[in-house]
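Next come the chains, spelled out residue by residue.
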Amino acid sequence: MLDIKLVRENPEAIKLGLRAKKDNTDIDKLLALDSERREAISKVEKLKNKQNAASKEIAKAKRNGEDASTILAEMKEISQSVAKLATRREELDTELNNQLLHIPNPPHSSVPQGISEEDNPVVRVWSDKPSYDFELKDHVDIAEALGIYDFKRGAKLSGSGFILQRGQGARLTRALISYCLDHHTLKHGFEEIGAPFVVRPEVMVGTCQLPKFKEDMYALPDDNLYLIPTAEVPVTNIYREEVLPEEVLPKKMCGYTPCFRREAGSHGKDTRGMKRVHQFDKVEMVKLVKPETSYQELESLTLQAEEILQSLGLHYRVIELCTGDLSFGAAKCYDIELWSPGAQAWLEVSSCSNFEDFQARRANIKFKPATGGKPQFVHTLNGSGVAMPRLIIALLETYQQADGTVKIPEVLQPYMGGVGQLG
RNA sequence: GGAGGAAUGGCAGAGUGGCCGAAUGCGUCGGUUUUGAAAACCGAUGUACCUUUGCGGGUACCGUGGGUUCAAAUCCUACUUCCUCCGCCA
């Protein structure tokens, strides 16, 4: 959420930032609403002050056994106008807050200008495109031939976009989840989190899914709960409404959860196989950090996700999202894309973002400086480390062999019970 | 699912309509004392918002939301969370 004070002080800079993100909020209108709201606050509080003072008079009179009926009658009227003004004040508060919740985070100054994904610069590329001396299959053909991912029966159970994983396929997912978690916890000291898969609406507000992207979420209306679209949601919100001591920062956490996405805006896109599905497994990294370190933390977060792909021997590239392609809450974001030899295309497998204090303000996550002074908002970051289906697509296609079997990278074999290949 | 009980500052805990943003104790920070430390004593010690160039002034917050009242930590109400017991259950 934008800081309204910041908008008041730098309206032009905010306007520029929002325009770069293709947001058309009328900032002047917002500021008019803000000043109307502040005026209402002043009015109510002045009247309340009067009311409080009179209240004391009444109390004193009653204690002394004096008659207070004149002042009582007067106060009855004041009480009514306070109620009226307070209602107006609340309406304005709610309205301003609603508008603020729908305004995106302006990009960081280092983010390249651009309109769409076409304009995202490639930051770096790891290794070379693998070459093969036989005809390549895509992941669907490989998986179906091996019988490890059953798309038809997944659809039978839950509809298109739900996968049934079987045998070595299910095992491969489980192995990769463990491999990723071990990487983050053992090599980088992240705390492993096992989080709930359903959360309250206010938690979804904290990480920006609500109110604006409600239609992307699966909901359980009988219980007023939502299925999480990523572990980012419960993990970032662990410390919502709390003030942390500075010493515990940076707070580094990771967790595996399934992710549930309605993909409401992308019907008909990527329907083949498991490139875009309604339920998938992902290991997510989350950091809560001090503001002055958040950009270096973003770099190390991205590298940490990359290390997993490197150790698996996969060809990938890192791109930086330009202003026009940046998501609602992110101030800066790197995407990591794996090479899919079967489809001859890049697959987004991780998205590493710095939200600065945008989510922290929504979720009210603060820290108290060790030197004293007022609590301030932390900066939040998250990154996939990594998403399973697309990682599996790249693994199957990269390590496929002429006979239809698929090699398992060495580092993964212990997690597969020593198995060296699929099929 | 049923029956009871509870929620107050960093912690413990008092407070049943007005003098309560809240006693008291502990903790923390600063000071006095001391060679130093402890003890003792003195003082300070929440958050958000509005307003002011500043000093300051004001409003709100006693789990959360509504209500009653001139006035609510206190009364009513719904909800949330926790505890105890019963039932059910992986």
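Residues numbered from 1 in each chain as written. Chains lettered and ligands numbered in written order. Predicted model: local features only at pLDDT ≥ 70, side-chain atom pairs only at ≥ 80, totals over all residues. Heavy atoms only, no water.

A. Molecular detail of the layout of surface pockets. Estimates place the volume of the largest pocket at around 1,800 Å³. In terms of lining, the largest pocket is formed by 48 residues, of which the most central are R261, R276, S327, E348 and S351. Mapped onto the lining of the largest pocket, the elements with two or more residues apiece are β10 (279-289), β11 (316-320), β12 (332-340), β13 (345-354), β16 (379-387) and α12 (388-398). Counting residues per element, the lining of the largest pocket draws most heavily on β13, at seven residues. Here the lining of the largest pocket is composed, by residue class, of 17 nonpolar, 13 polar and 18 charged. (1 Å grid on protein atoms, 1.4 Å probe; cavity = no way out; pocket = protein on both sides within 12 Å on 5 of 7 lines; lining within 4 Å. Points joined across faces, edges and corners; volume = space filled by probe spheres on them. Helix = DSSP H or I, 4+ residues; strand = E, 2+ residues; numbered from the N terminus. Nonpolar A, V, L, I, M, F, W, Y, C, P; charged D, E, K, R; others polar.)

B. Spatial organisation of the side chain of D23. Tracing the backbone through its elements, the reader meets D23 in the loop between α2 (11-20) and α3 (27-63). With no salt bridge to any partner, buried D23 finds its closest opposite charge in K212, at an N-O distance of 4.4 Å. Engagement of the side chain of D23 in a polar contact is seen with the side chain of T25, the distance being 2.4 Å. Beyond its immediate stretch of four places on either side in the chain, D23 contacts L18, H102, P104 and K212. (Buried < 20%, exposed > 50% of the residue type's maximum accessible area, 1.4 Å probe, protein only. Lys, Arg positive; Asp, Glu negative; His and termini not counted. Salt bridge = Lys/Arg side-chain N within 4 Å of Asp/Glu carboxyl O. Polar contact = N/O pair within 3.5 Å; in protein donor to acceptor, adjacent residues only side chain to side chain. Contact = heavy atoms within 4.5 Å.)

C. Quick look at the packing of helix α7 (residues 168-188) against α12. Taken N-terminus to C-terminus, the directions of α7 and α12 make an angle of 110 degrees; their axes are 11 Å apart at the nearest point. Taken together, the axis directions place α7 and α12 in an arrangement best described as roughly perpendicular. Residues L172, T173, L176, I177 and C180 of α7 lie in contact with α12, whose contacting residues are M388, L391, I392 and L395. Counted by class, the contact of α7 with α12 contains eight nonpolar, one polar and no charged residues. (Axes fitted to C-alpha atoms, helices over the stretch in contact; angles between N-to-C directions. Parallel < 35°, antiparallel > 145°, perpendicular 65-115°, else oblique.)

D. View of the protein's contact with RNA strand B. Around RNA strand B, 25 residues are found, and the nearest of them are S42, E45, I58, K76 and S79. Taken together, the sugar and phosphate atoms account for 67% of what RNA strand B places within 4 Å of the protein. S42 has a polar side-chain atom sitting 2.9 Å from a sugar or linking oxygen of RNA strand B. E45 is positioned such that a nitrogen or oxygen atom in its side chain is 2.9 Å from a base nitrogen of RNA strand B. (Near = heavy atom within 4 Å.)

E. How the structure looks around the packing of aromatic side chains. Overall, the coordinates contain six aromatic pairs when judged by the stated rule. Aromatic side chains Y179 and Y415 sit 5.5 Å apart centroid to centroid with 80 degrees between the ring planes, which places their arrangement in the edge-to-face category. Taken as a pair, Y179 in helix α7 and Y415 in the loop between β17 (406-407) and β18 (421-422) lie far apart in primary sequence, 236 residues in all. Look at Y179 and you get buried, because its relative accessible area is 8%. Overall, the relative accessible area of 24% leaves Y415 in the partly exposed class. Note on F328 and F358: the rings are 5.7 Å apart at their centroids and 70 degrees apart in plane angle, and the pair reads as edge-to-face. Placement of the pair is F328 in the loop between β11 and β12 and F358 in helix α11 (residues 358-363), with a sequence separation of 30 residues. Look at F358 and you get buried, because its relative accessible area is 1%. Among the aromatic residues, those joined into a ring-pair cluster are F213, F328 and F358. (Phe/Tyr/Trp six-rings, centres within 6.5 Å; stacked < 30°, edge-to-face > 60°.)

F. The arrangement of the sheet that holds strand β7 (residues 225-227) in detail. What the three strands build is an open sheet, ordered β5-β7-β6; its pairing is antiparallel. The two strands at the open ends of the sheet, each matched to only one other strand, are β5 (198-199) and β6 (219-220). As judged from the two bridges shared by β5 and β7, these two strands associate in the antiparallel manner. Its bridge partner being in β7, V199 is matched across the sheet by Y226. (Pairing = 2+ DSSP bridges.)

G. Quick peek at the packing of α2 against α3. At a minimum axis distance of 10 Å, the contact between α2 and α3 shows a crossing angle of 135 degrees. Between α2 and α3, the interaxial angle falls into the category oblique. In the packing of α2 onto α3, the handedness of the crossing is right-handed. Along its contact with α2, which presents P11, I14, K15 and L18, the element α3 presents I27, D28 and L31. (Left-handed = near helix turned anticlockwise from the far one by under 90°.)

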